[in-house]
Amino acid sequence: MTTVRQRRVGKGTEAAEDQPSEEKNVKPDGKILSDHTGGKLWNILSITVGGIVAISLGLLTSVYVATLHENDLWFSNIKEVEREISFRTECGLYYSYYKQMIQAASIQQGIVNCKYSCVLQQYLEPVYFYIYTLFGLQAVYVIALYVTSWLLSGTWLSGLLAACWYITNRVDTTRVEFTIPLRENWALPFFAVQIAAITYLLRTHLQPVQERLTLMAVFIATFLFSLTWQFNQFMMLIQALTLFILDCFDMLPTAKVMWLYIIQISGLLLVCVLQFFNSMILGSLLISFNASVLIARTIQKNLKKGGLLNRLGKLILHVLLVLCLTLLINKFIKKILNLESDEHIFKFLKAKFGFGATRDFDANLYLCEEAFGLLPLNTFSRLSDTLLFYIYVFVLFLMAVAAVIVAFRNLSGSNQVQFMEKMEECTITLKPDAAYNLIHTVLFGCLALSTMRMKYLWTSHMCVFASFGLCSTEVWKLILKCIHLYTSQRTRVIKYSIPIITLLYISYKFWPGIMDELSELREFYDPDTVELMNWIKSNTPNTAVFAGSMQLLAGVKLCTGRTLTNHPHYEDKNLRERTKQIYQIYAKRSPEDVYRILRSFGTDYVILEDSICYERRHSRGCRLRDLLDIANGHIMDGLGENEPDLKPSLYPRFCEEIKKNLPPYTIHFTRVFQNKTFHVYKLAKHK
């Protein structure tokens, strides 16, 4: 089992401050800061300083996570096989493809021409080229968060605060330092860039050239995000819902919303082509939903005209039409193309939200993983330590109230103008970019609360949204007007002083801890897995086929290059079914059945892990052997209740019984390697 241990001694804009507020009427006593300090010169200076700070923080974050990774594993000192084993579970599978490409002799063998990489790797080891690319993307990530906050608030101080919150809440905002090759670590920086580009696109008074360039940036970021993460369609579906909600309440320019729908569809279709016509993309709900919205908007004219009741009636009809069209189009596509790649996800969601229990092995495999459970409550206590959560809730409440008022005004039309004029003193106009980020953070917050693994999409944006609110002129103007204390000078003082005080507090409280963290030195330690990989390379033919757990086999592929029967890529129905069959080595099955299954996939060697056979990490009912028993209709081991229709198995558990070397087992299986963790058996080849 992979662990780390203590090292042994002796081992060798203000810029937007300068841009006018997008309110149409600016009072003389509310002039922007640039009017008092030199106009364009101050504007240029502010943008320059803000840009330098953004790049510096991005690079510092990259160096910070790279240093943590080195300190945790002593990566520069361990052997190549240990470095590769440190890429745990599916991370090893992803890195193995990179390793395969750089070792290829030609484009045909490597899919991608690696000549450029090989030139770079004359000066940098391939593994370092890989991990430094990932750590470099963290710089892009932080800069994108910084810029988004800057665009929303009008001051780069907001971006500075967002970046500092991202770093000090690292445990809940990223896991890149210990899951480097994970697909989300490639994708999330591009998603952050896309959000920044959308935020800029939704600003008013953009020139046509600016708008076209921004749309191009949104498309490129959307494409790269979609290309690098298998869950892209679900994330962008939430994004499409955000656009749909805001468009329904007339809070975004319709033309820009339509362009964003088209960009999402075209980005996914391009990815589909590049992934050898990945059918799962064609059957995604995102493509069906976006197509439905575009069709519905074509059918329904004058959707945004009329009084309150008229608008509400049209809106309800529009929502129902879009939902029905989405289901019909999605059903049609899946029927025509015979798609079943994502059925396990919908089974998982159905069981997770209480729409019936399931015995489906794949769905239960997700349900029993902590990462797919509810967000733990201690997450909020950690986020509160940096004041992030408190400020986020405060800003979210104010912006939500403003959004409700603006939505009501938009739906009401001219009938409620007098009422709204009475409310004007305590309300603000919610700008499109702020409205988008508000609904975005709400929907992704719901996703994170329901599924812990998705919290990184929410917590990083939480940093952006909280810092924007704390540095926003509009937010403080709203508060001060409502308590009859508003002056432009007082607003300016508060919007700078409170963020600065917050930054000082964060620095004072967390700087010593960061320094201690950077000074803690540990090293990678997993001798059993290293011994296994070395044995496989030395004692088995290059053409040998191995069976075992998905996580371990990813490491076998990376470290030894041997052929596998299954691996952690779980978006293919046939591969999921194959994995379930291979996992019968941990079920209560006869040796003849297990042998027949393994040989049907061409298996030469099978690796059994004690950590799975005698698992204690999960509670009863969620251990892998329990999931297999339930799927096979067998009673689970240990004390506890069983469902009435489950029956005792006729055979003992295979992974336990094979170790006794009884004749029914030794006929088919010969043990060729063992240590404290692993047992390797060679399959007999009967004629």
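What counts and how
- Residues numbered from 1 in each chain as written.
- Predicted model: local features only at pLDDT ≥ 70, side-chain atom pairs only at ≥ 80, totals over all residues.
- Heavy atoms only, no water.
- Helix = DSSP H or I, 4+ residues; strand = E, 2+ residues; numbered from the N terminus.
- Polar contact = N/O pair within 3.5 Å; in protein donor to acceptor, adjacent residues only side chain to side chain.
- Contact = heavy atoms within 4.5 Å.
- Expected span 1.5 Å × (residues − 1).
- Buried < 20%, exposed > 50% of the residue type's maximum accessible area, 1.4 Å probe, protein only.
- Axes fitted to C-alpha atoms, helices over the stretch in contact; angles between N-to-C directions.
- Parallel < 35°, antiparallel > 145°, perpendicular 65-115°, else oblique.
- Left-handed = near helix turned anticlockwise from the far one by under 90°.
- Nonpolar A, V, L, I, M, F, W, Y, C, P; charged D, E, K, R; others polar.
- Disulfide = S-S within 2.5 Å.
- Pairing = 2+ DSSP bridges.
- pLDDT = per-residue confidence, 0-100.
- Phe/Tyr/Trp six-rings, centres within 6.5 Å; stacked < 30°, edge-to-face > 60°.
- Lys NZ or Arg CZ within 6 Å of the ring centre and 35° of its normal.
- Salt bridge = Lys/Arg side-chain N within 4 Å of Asp/Glu carboxyl O.
- 1 Å grid on protein atoms, 1.4 Å probe; cavity = no way out; pocket = protein on both sides within 12 Å on 5 of 7 lines; lining within 4 Å.
- Points joined across faces, edges and corners; volume = space filled by probe spheres on them.

Undergrad: Break down the side chain of histidine 679 for me, with residues and values.
TA: Along the polypeptide, histidine 679 turns up in strand 7 (residues 678–683). Side-chain polar atoms of histidine 679 contact the side chain of aspartate 610, separated by 3.4 Å. For histidine 679, the contacting residues outside a window of four places in its chain are Val606, Ile607, Leu608, Asp610, Lys659, Arg671, Phe673 and Gln674.

Undergrad: Requested: an account of helix 3 (residues 40–73), with residues and values cited.
TA: With 34 residues, helix 3 should cover 50 Å at 1.5 Å per step; its first-to-last C-alpha distance of 50 Å lies within 8% of that length. After helix 3 finishes, the residue tryptophan 74 shows a positive phi value of roughly 55°.

Undergrad: Got a sec to walk through unusual backbone geometry? Specific residues and values, please.
TA: Here the phi dihedral of histidine 484 falls at roughly 60°; this positive angle occurs in a residue that is not glycine. Phi at asparagine 661 takes a positive value of approximately 55°, unusual for a residue other than glycine. Position of asparagine 661 among the secondary structure elements: in the loop between helix 33 (654–657) and helix 34 (663–666). You can call asparagine 661 partly exposed: its relative accessible area is 40%.

Undergrad: An account of the packing of helix 11 (residues 183–201) against helix 12 (residues 208–228) is needed here, citing residue identities and associated values.
TA: Running from amino to carboxyl end, helix 11 crosses helix 12 at an angle of 160°, the nearest separation of the two axes being 8 Å. With respect to helix 12, the element helix 11 is oriented roughly antiparallel. For helix 11 against helix 12, the interelement crossing comes out left-handed. Counting all contacts with helix 11, which are made through Arg183, Trp186, Ala187, Phe190, Phe191, Val193, Gln194, Ala197, Ile198, Tyr200 and Leu201, the residues of helix 12 involved are Gln210, Glu211, Thr214, Leu215, Ala217, Val218, Ala221, Thr222, Leu224, Phe225 and Thr228. A class-by-class count of the residues in the contact of helix 11 with helix 12 yields 15 nonpolar, 5 polar and 2 charged.

Undergrad: Describe in detail the state of the cysteines, supporting the description with residues and values.
TA: According to the stated counting rule, one finds 2 disulfides in the structure shown. A disulfide bridge connects cysteine 368 with cysteine 622, and the sulfur atoms are separated by 2.1 Å. One disulfide, between cysteine 368 and cysteine 622, carries an S-S torsion of -75° and so falls in the left-handed class. With cysteine 368 in the loop between helix 19 (361–367) and helix 20 (378–385) and cysteine 622 in the loop between helix 31 (610–613) and helix 32 (624–631), the pair connects residues that are 254 residues apart, well separated along the chain.

Undergrad: Go over the pairing of strand 5 (residues 605–609) with me, naming the residues and quoting the values.
TA: Of all 5 residues making up strand 5, 5 are buried, and the element is well covered by its neighbours. Burial along strand 5 is two-sided: Tyr605, Ile607 and Glu609 and Val606 and Leu608, pointing in opposite directions, are all buried. Where strand 3 (residues 545–547) meets strand 5, 2 bridges bridge the pair, whose relative direction is parallel. What sits directly across from phenylalanine 546, in strand 5, is tyrosine 605. Where strand 5 and strand 7 come together, 5 bridges link them in antiparallel fashion. Across the sheet, leucine 608 pairs through a bridge with histidine 679, a residue of strand 7.

Undergrad: Requested: an account of the confidence of the model for the protein, with residues and values cited.
TA: Of the residues in the protein, 89% reach a pLDDT of 70 or more, and the chain-wide mean stands at 87. Mean pLDDT values for the elements of the protein range from 38 in helix 1 (residues 14–17) up to 97 in strand 5. Per-residue pLDDT stays below 50 along residues 9–34; that stretch engages in 59 contacts with residues further than four places along the chain or on separate chains. Taken together, the stretch residues 112–120 has pLDDT below 50 and engages in 9 contacts with residues farther than four places along the chain or on a different chain.

Undergrad: Let's hear about the side chain of threonine 242: which residues, and what values?
TA: Looking at where threonine 242 falls in the secondary structure, it is placed in helix 13 (residues 232–248). Discounting residues that sit within four places of it in the chain, threonine 242 has contacts with Tyr436, Ile439, His440 and Leu443.

Undergrad: Tell me about the packing of aromatic side chains, residues and numbers included.
TA: Here a ring pair, both rings aromatic, is described through the centre-centre distance and the interplanar angle of the planes. Going through the model one piece at a time under the given rule, you end up with 33 aromatic pairs. Measuring from centroid to centroid gives 4.8 Å for phenylalanine 87 and tyrosine 95, while their planes differ by 45°, and the two rings are tilted. Of the two residues, phenylalanine 87 and tyrosine 95, neither departs from the other in class, the shared state being buried. Aromatic pair phenylalanine 546 and tyrosine 605: ring centres 5.0 Å apart, planes at 15°, arrangement stacked. Of this pair, phenylalanine 546 sits in strand 3 while tyrosine 605 sits in strand 5; the two residues are 59 residues apart in sequence, bridging distant segments of the chain. Taking the relative accessible area as the measure of exposure, tyrosine 605 reaches 6% and is therefore buried. Among the aromatic side chains, those forming a connected cluster through ring pairs are Phe75, Phe87, Tyr95, Tyr98, Tyr128, Phe129, Tyr130, Tyr132 and Trp186. Just above the ring of phenylalanine 75 sits the side chain of arginine 83; from NZ or CZ to the centre is 5.4 Å.

Undergrad: Requested: an account of the pattern of salt bridges, with residues and values cited.
TA: Across all of its chains, the model carries 29 salt bridges by this definition. In this structure, arginine 522 and aspartate 72 form a salt bridge, with 2.5 Å as the shortest nitrogen-oxygen distance. Highlighted residues: arginine 522 in strand 2 (residues 522–525) and aspartate 72 in helix 3, separated in sequence by 450 residues. For lysine 304, the salt bridge is made with aspartate 250, and the minimal N-O distance between the two is 3.4 Å. Here lysine 304, found in the loop between helix 16 (285–299) and helix 17 (308–337), pairs with aspartate 250, found in the loop between helix 13 and helix 14 (254–274); they are 54 residues apart in sequence, far enough to count as distant. Taking relative accessible area as the criterion, lysine 304 reaches 22% and is therefore assigned partly exposed. The class for aspartate 250 is partly exposed, based on a relative accessible area of 33%. Connected via shared salt-bridge partners are Lys588, Arg625, Asp629, Asp637 and Arg653.

Undergrad: Lay out empty space enclosed by the protein in plain terms, naming residues and giving numbers.
TA: Vacant regions in the atomic arrangement are exposed by a probe of water-molecule size rolled over the atoms. Computed from the structure, the largest cavity encloses a volume of approximately 90 Å³. Lining the largest cavity are Tyr141, Leu145, Thr148, Leu188, Phe191, Ala192, Ile195, His440, Leu457, Ser460, His461 and Val464. Among the elements of the structure, helix 8 (126–153), helix 11 and helix 24 (455–470) are those that each provide at least two residues to the lining of the largest cavity. Its residues assigned to classes, the lining of the largest cavity shows 8 nonpolar, 4 polar and no charged.

Undergrad: An account of the environment of leucine 558 is requested, with residue identities and associated values reported.
TA: Within the fold, leucine 558 resides in helix 28 (residues 550–560). Expressed as a C-alpha distance, the spacing of leucine 558 and glutamine 100, which sit 458 residues apart in the sequence, is 8.7 Å. The residues touching leucine 558, leaving out its near neighbours within four places in the chain, are Glu84, Phe87, Gly92, Tyr95, Ser96 and Lys99.

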